[in-house]
Amino acid sequence: MKHNKRTFKNMLSLTLMSGLILTAPMAWAGEIEKAVDYRQGVMNVFSWNMKAMSDMMKGKTPFDQKVFAGHARDLANASGLNLMPGFPEDSESEESDALVEIWMEFDDFEAKYKKLGEAARGLSEVAASGDKASLGEALQVTGKACKACHKKYKN
Ligand code: HEC
């Protein structure tokens, strides 16, 4: 009887312990998933606006300076978000294309993000008044800021 009770207690504490051991990484995995969703969501906001602008520049859609300027403003606002909390340390996952280099060179990663913000604000200023050619140039500068980061830090 006594023996059985102890076995039961041991089993119970083992179960509780493995529960604790398992929930910590699971909670972390949940946090990673949320961060990945967040950063990918913001990236999709970027590309939605970039595509609309580049379609106009390519003549796929009619050029309309007001509409263009609206996309440029939205991109400038979105790239003003502090996206770094969306990249918690070592938040790699199967759903993510983020490379581990991000956390090895986080300062550079952050600097590349700031560059995008600057380019997008520049684009938005030009879009408010400039001619089509200068818009095209500013759009290219912005596109390069996307690519400079993807090349190094995205699968
Ligand atoms: C500072 C670095 C950086 C900059 C700048 C950047 N990106 Fe990204 N982007 C990433 C990383 C890292 C990923 C992978 C994120 C992941 O899958 O966790 C990504 C993913 C994406 C994705 C895929 C999203 C998905 O749903 O999987 C798109 C689209 C994208 N970026 C578009 C853009 C566009 C457009 C710009 C410029 C306006 C831009 N990005 C600027 C780092 C950057």
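Residues numbered from 1 in each chain as written. Predicted model: local features only at pLDDT ≥ 70, side-chain atom pairs only at ≥ 80, totals over all residues. Heavy atoms only, no water.

(A) Local environment of the site of the ligand. The environment of the ligand is formed by 22 residues, the closest being Met43, Ser96, Cys146, Cys149 and His150. Serine 96 has a polar side-chain atom sitting 2.6 Å from an oxygen atom of the ligand. Between the ligand and histidine 150, the relevant distance is 2.8 Å, taken from a nitrogen atom to a side-chain nitrogen or oxygen of the residue. When each cavity is represented as a set of grid points, the ligand is found to reside in the largest pocket. Elements represented by at least two residues in the shell around the ligand include exactly α1 (2–58), α4 (106–129) and α5 (132–153). Among the residues forming the shell around the ligand, the class breakdown is 13 nonpolar, five polar and four charged. (Near = heavy atom within 4 Å. Polar contact = N/O pair within 3.5 Å; in protein donor to acceptor, adjacent residues only side chain to side chain. 1 Å grid on protein atoms, 1.4 Å probe; cavity = no way out; pocket = protein on both sides within 12 Å on 5 of 7 lines; lining within 4 Å. Sits in = over half its atoms within 2 Å of the grid points. Helix = DSSP H or I, 4+ residues; strand = E, 2+ residues; numbered from the N terminus. Nonpolar A, V, L, I, M, F, W, Y, C, P; charged D, E, K, R; others polar.)

(B) Broad picture of the packing of aromatic side chains. Summed over the entire model, instances satisfying the criterion amount to four aromatic pairs. An angle of 75 degrees between the planes, with centres 4.8 Å apart, marks the rings of phenylalanine 87 and phenylalanine 109 as edge-to-face. In this pair, phenylalanine 87 is assigned in the loop between α2 (65–78) and α3 (101–104) and phenylalanine 109 in helix α4, connecting sequence segments 22 residues apart. Judged by relative accessible area, which is 7%, phenylalanine 87 ranks as buried. For phenylalanine 109, a relative accessible area of 4% puts it in the buried group. Where phenylalanine 109 meets tyrosine 153, the ring centres are 5.2 Å apart and the plane angle is 85 degrees; that geometry is what we call edge-to-face. In this pair, phenylalanine 109 is assigned in helix α4 and tyrosine 153 in helix α5, connecting sequence segments 44 residues apart. (Phe/Tyr/Trp six-rings, centres within 6.5 Å; stacked < 30°, edge-to-face > 60°. Buried < 20%, exposed > 50% of the residue type's maximum accessible area, 1.4 Å probe, protein only.)

(C) Layout of the coordination of the iron atom of the ligand. Binding of the iron atom of the ligand to the protein goes through Met43 (SD) and His150 (NE2), at separations of 2.0 to 2.4 Å. Around the iron atom of the ligand sit six donor atoms, and with donor-metal-donor angles ranging over 87 to 179 degrees the site reads as octahedral. You can see methionine 43 sitting in helix α1 and its partner histidine 150 sitting in helix α5, a full 107 residues away along the chain. (Donors = N, O, S within 2.8 Å, 3.2 Å for Na, K, Ca; no water. Tetrahedral: all angles 85-135°; square planar, octahedral: opposite > 155°, others 65-115°.)

(D) Inspection of a positive patch on the surface at higher detail. Side chains of Lys58, Lys60, Lys144 and Lys147 sit close together on the surface and give a patch of like positive charge. Position of lysine 144 relative to the elements: it lies in helix α5. (Patch = residues over 30% accessible without salt bridge, like charges linked within 9 Å, V, L, I, M, F, W, Y side chains within 5 Å. Areas by Shrake-Rupley, 256 points an atom, 1.4 Å probe, with all protein chains shown as cover. Salt bridge = Lys/Arg side-chain N within 4 Å of Asp/Glu carboxyl O. Lys, Arg positive; Asp, Glu negative; His and termini not counted. Charge placed at Lys NZ, Arg CZ, Asp CG, Glu CD.)

(E) A look at unusual backbone geometry. A positive phi angle is found at aspartate 90, which is not glycine, with a value near 55 degrees. A relative accessible area of 43% places aspartate 90 in the partly exposed class.

(F) View of the layout of surface pockets. Roughly 770 Å³ of internal volume is contained in the largest pocket. What lines the largest pocket is a set of 31 residues, and nearest its centre among them are Met43, Phe46, Cys146, His150 and Lys154. Of all the secondary-structure elements, those providing two or more residues to the lining of the largest pocket are α1, α4 and α5. For the lining of the largest pocket, the element with the highest residue contribution is α5, accounting for 10 residues. (Points joined across faces, edges and corners; volume = space filled by probe spheres on them.)

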